[in-house]
Amino acid sequence: MGRMECCLLLGAAIIMCPTPTGAADGAAKRLTVTVVATGRIDDHATTRAQRALTESLGALGARVTVRAMAEAGSSPTARHAVAVEHRAAAPSRLDVVIGLSAKPVLSAGTYTAHLAMSLRAALYAVNGDRPPRILQARRKRRLPAFCPKACVARIGARMAEEQARALAPAIFRQARRVATRPARRLAFHGFSERELSEIRQYLRVFPGFRRMGHGVRRAKDWVIDYGSRLDDGALGSALKKMLGHMGIAAGVSRRGRGFTVARHWGPAQPGPASRQW
């Protein structure tokens, strides 16, 4: 029987095994996000948008928390820095930090005036240092005659709230994609290129497989970003079954969201009595 057929049989065997409770819970895990309003402390439009987005995401099924308004100024760099800071301080149970800002632009002519409102949401994955996903919306509205400053602020806040509610479904979809990108790192130590190529074939047929990175060399390790619905215990068990099936003596250890598979340069482990999994 060829190696690829063995890989497929391995995947089928793991799928037929009872699924751990943790794996089922992980697959059904609700998206958890926190919305950080970035801008000026007195930015009423952003706070209205933050409240509307929080309510809309909750209605869509996300578990949402809110952080207090963060003083970030008006530049994109400042808003980015604030959101990154909140991501660094986020608990591990959080999936995504959303930096939200609203920017009104008033244009007044001789007889008419218009208010343009731009809403910007930057989605940062808590696990990893990937660049944010940016979603934006912009609307323009003609102002009524004799609209003083308070009137402009009131209309701007309402526009920001409407835009946040309209943009919420797209933000929810993108947040799920950001949260489900590879969060685990598998480091393989002491394996040949041929063995690593075969290991990648096994990883693709593991149950719960979502996505796998190309892999990068770090010191003497080959590190692969790996996305899976399996919990840590089930993934560790699958890695050990893979090694046994390949007849390789190696140890599997875990630290946080990372797994290290280190080869022992000794006698190979005896393979299973049957190649049929």
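Residues numbered from 1 in each chain as written. Predicted model: local features only at pLDDT ≥ 70, side-chain atom pairs only at ≥ 80, totals over all residues. Heavy atoms only, no water.

Asks: Which residues make up the overall build of the chain, and what values do they have?
Replies: Regarding its fold elements, the chain presents seven helices and 11 strands. Looking at the chain residue by residue over its 277 residues, the buried ones come to 43%. As displayed, the chain offers around 14800 Å² of accessible surface, 54% of which is attributable to carbon and sulfur atoms. (Helix = DSSP H or I, 4+ residues; strand = E, 2+ residues; numbered from the N terminus. Buried < 20%, exposed > 50% of the residue type's maximum accessible area, 1.4 Å probe, protein only. Areas by Shrake-Rupley, 256 points an atom, 1.4 Å probe, with all protein chains shown as cover.)

Asks: An account of the side chain of threonine 34 is needed here, citing residue identities and associated values.
Replies: Along the chain, threonine 34 turns up in strand β1 (residues 32-39). Side chain to side chain, threonine 34 and threonine 65 meet in a polar contact 3.0 Å long. In this structure, threonine 34 is in contact with Thr65, Val66, Arg67, Leu94, Val96, Val97 and Ile98, ignoring residues within four places of it in sequence. (Polar contact = N/O pair within 3.5 Å; in protein donor to acceptor, adjacent residues only side chain to side chain. Contact = heavy atoms within 4.5 Å.)

Asks: Describe the nonpolar core, and please don't skip the residues or the numbers.
Replies: By size, the foremost hydrophobic cluster in this structure holds 35 residues, and its most contacted members are Leu53, Leu57, Val96, Ile98, Leu123 and Ile171. When contributions to this core are tallied by element, the ones reaching two or more residues are β1, α3 (44-60), β3 (96-108), β4 (113-125) and α5 (149-179). Phe206, Tyr226, Leu235 and Phe259 belong to the second-largest nonpolar core, a separate cluster that totals 23 residues. (Core = buried A, V, L, I, M, F, W, Y, C linked by side-chain atoms within 4.5 Å.)

Asks: Give me the state of the cysteines: which residues, what numbers.
Replies: Tallied over the full model, the rule gives one disulfide. Covalent S-S linkage joins cysteine 147 and cysteine 151, the inter-sulfur distance amounting to 2.0 Å. Here the disulfide of cysteine 147 and cysteine 151 is left-handed, its torsion about the S-S bond being about -100°. In terms of burial, cysteine 147 and cysteine 151 fall into one category: buried. (Disulfide = S-S within 2.5 Å.)

Asks: Can you lay out the packing of aromatic side chains for me, pointing to particular residues and giving the numbers?
Replies: Across all of its chains, the model carries two aromatic pairs by this definition. Aromatic pair phenylalanine 188 and phenylalanine 191: ring centres 6.0 Å apart, planes at 80°, arrangement edge-to-face. On the basis of relative accessibility, which here comes to 10%, the residue phenylalanine 191 falls in the buried class. An angle of 40° between the planes, with centres 5.8 Å apart, marks the rings of phenylalanine 209 and tyrosine 226 as tilted. Of this pair, phenylalanine 209 sits in strand β7 (residues 209-212) while tyrosine 226 sits in strand β9 (residues 221-228); the two residues are 17 residues apart in sequence, bridging distant segments of the chain. Classification of phenylalanine 209 as partly exposed rests on a relative accessible area of 23%. A relative accessible area of 0% means that tyrosine 226 is categorised as buried. (Phe/Tyr/Trp six-rings, centres within 6.5 Å; stacked < 30°, edge-to-face > 60°.)

Asks: How would you explain the side chain of serine 228 if you had to name every residue and give the values?
Replies: Within the element layout of this structure, serine 228 appears in strand β9. Within the structure, serine 228 has its side chain in polar contact with the backbone nitrogen of leucine 230 (distance 3.0 Å). Not counting chain neighbours up to four residues away, the residues in contact with serine 228 comprise Arg184, Pro207, Gly208, Phe209 and Arg210.

Asks: Describe a positive patch on the surface, naming the residues involved and giving the relevant values.
Replies: Where like charges cluster on the molecular surface, the positive patch consists of Arg133, Arg173, Arg177 and Arg211. Topologically, arginine 211 is positioned in strand β7. (Patch = residues over 30% accessible without salt bridge, like charges linked within 9 Å, V, L, I, M, F, W, Y side chains within 5 Å. Salt bridge = Lys/Arg side-chain N within 4 Å of Asp/Glu carboxyl O. Lys, Arg positive; Asp, Glu negative; His and termini not counted. Charge placed at Lys NZ, Arg CZ, Asp CG, Glu CD.)

Asks: Which residues make up unusual backbone geometry, and what values go with them?
Replies: The backbone of phenylalanine 146 shows a phi angle near 55°, a positive value even though the residue is not glycine. Along the chain, phenylalanine 146 falls in the loop between β5 (133-142) and α5.

Asks: Which residues make up the packing of helix α6 (residues 193-205) against helix α7 (residues 232-246), and what are the values?
Replies: Geometry of a packed helix pair, given as the angle between the helix axes and the separation of the axes. Contact pair α6 / α7: the axes reach a minimum separation of 11 Å and the direction vectors enclose 130°. Taken as axis vectors, α6 and α7 run oblique relative to one another. The two elements α6 and α7 meet at a crossing, and its hand is right-handed. Counted together, Glu195, Glu198, Ile199, Tyr202 and Leu203 of α6 and Leu239, Met242, His245 and Met246 of α7 form the full contact between these two elements. Here the residues of the contact of α6 with α7 sort into six nonpolar, one polar and two charged. (Axes fitted to C-alpha atoms, helices over the stretch in contact; angles between N-to-C directions. Parallel < 35°, antiparallel > 145°, perpendicular 65-115°, else oblique. Left-handed = near helix turned anticlockwise from the far one by under 90°. Nonpolar A, V, L, I, M, F, W, Y, C, P; charged D, E, K, R; others polar.)

Asks: Could you give me a rundown of α7, with the residues and numbers involved?
Replies: Across its 15 residues, α7 extends 21 Å between first and last C-alpha, which sits within 8% of the 21 Å expected from 1.5 Å per residue. Along α7, the residues classified as buried are Ala234, Leu235, Gly236, Ala238, Leu239, Met242, Leu243, Gly244, His245 and Met246. With its phi angle positive at about 70°, glycine 247 sits one or two positions after the end of α7. (Expected span 1.5 Å × (residues − 1).)

Asks: Would you mind going over the environment of lysine 103 in detail, with residue names and values included?
Replies: For lysine 103, the position within the fold is in strand β3. Not counting chain neighbours up to four residues away, the residues in contact with lysine 103 comprise Ala116, Met117 and Ser118.

Asks: Could you give an account of the pairing of β3, with specific residues and numbers?
Replies: Two strands pair when backbone bridges link them, and β3 and β4 are joined in this way by 13 bridges, in the antiparallel orientation. Of the residues in β4, the one forming a bridge with glycine 99 is alanine 122. Where β3 hands over to β4, the hairpin turn is made up of four residues, counted between the paired strands. (Pairing = 2+ DSSP bridges.)

Any functional reading would require information that these geometric values do not contain.
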